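Per-entry structural report
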Amino acid sequence: MKVHIALFGALRDADARGFIELEAPESCTIATLRELLRAHLREHAPHISPHLVQRSAFASEDEILHGHRTLPDNGQLAILPPVSGG
Amino acid sequence: MTDLHTAVVDIRDTALDPAAALDFVSDPRFGGIDMFIGKVREHNLGRIVTGVSYDLFEPLALRTFEAIAARARNEIGGPMKLYIAHAKGDLGIGDVAVIVAAGTPHRDEAFRACRLAIETVKHEAPIWKQEHYVDGDSAWSEGCSLCDEHRQAEQATASHGEVHGHSH
């Protein structure tokens, strides 16, 4: 399935469009998607620190999705670097 | 009439308004109101700041504000009005970045609810601050990881007690 990952904060530098699209297996977990994203960034955005990706969380519009969760049916996700509001 | 107001305010449309927050949490039942106002300051970590930009994942930020309110309500256990608003976009020095206000019957609950809400907004809401410096450079602020796996790894390597060691 096609997964659309919206970018925020420092991770916006990974793609000027503000999102990344990846092809992922059906019923893939978030942990697996993280590995796919790291491989994608190594190739297409090597200036992005792997440590930053490691410290980032995946989320839908409703909640944070931890590693054991599977991809949402609509394939719409966001990746959230460490937060710094206020 | 609801007891909760949450908002993400695009600074291009309007500024955050402490008077509106005060008005919202005022109530004949309440004798205590506490308000926290976060403003953009002119320096950080020894560098001169000329402005900041806030990026937000808006739908999840609003849901997080609602969850924070539920947590505060649970903690306080009585009547309360809560106002949480955060700015989005490019702010100058002195502009209001965030307002949290709590109205409760007595001061203790108001202080506690306000403190809980602002700390949780800073540590858990999907909001990112980019600082702009006088030399033309810009940098995204170091922040709090929302990734459970990473937090657990950090806790495992933390030597003693103070896991959340940074000072923002």
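It should be noted that the structure appears before, not after, this text.
The rules we used
Residues numbered from 1 in each chain as written. Chains lettered and ligands numbered in written order. Predicted model: local features only at pLDDT ≥ 70, side-chain atom pairs only at ≥ 80, totals over all residues. Helix = DSSP H or I, 4+ residues; strand = E, 2+ residues; numbered from the N terminus. Rg over C-alpha atoms; globule rule 2.2 N^0.38 Å. Buried ≥ 20, exposed ≤ 12 C-beta atoms within 10 Å, placed from the backbone. Contact = placed C-beta atoms within 7 Å. Nonpolar A, V, L, I, M, F, W, Y, C, P; charged D, E, K, R; others polar.

Each helix and strand in chain B was counted, giving four helices and eight strands. The C-alpha atoms of chain B give a radius of gyration of 17 Å, which matches the 15 Å a tight globule of 168 residues would have. For chain B, the C-alpha atoms occupy an extent of roughly 50 × 40 × 30 Å along the three principal directions. Sorting the 168 residues of chain B into buried and exposed places 35% on the buried side.

Turning next to the interface of chain B and chain A. Facing 30 residues of chain B, the contacting portion of chain A comprises 21 residues. For the side of chain B that touches chain A, the secondary structure elements donating two or more residues are helix 2 (58–76), strand 6 (96–104), helix 3 (107–124), strand 7 (127–133) and helix 4 (148–157) of chain B. Top contributing element to the side of chain B that touches chain A by residue count: helix 3 of chain B, with four residues. Of the residues that constitute the side of chain B that touches chain A, the class distribution is 15 nonpolar, seven polar and eight charged.

Residues apart from glycine generally show negative phi values, whereas peptide bonds are mostly found in trans. For S27 of chain A, which is not glycine, the phi torsion reads 55° and is therefore positive. Looking at where S27 of chain A falls in the secondary structure, it is placed in the loop between strand 2 (19–23) and helix 1 (30–44). Backbone geometry places L45 of chain B, a non-glycine residue, at a positive phi of 50°. A residue is classified by how many C-beta atoms lie within 10 Å of it, and L45 of chain B, with 10 of them, is exposed.

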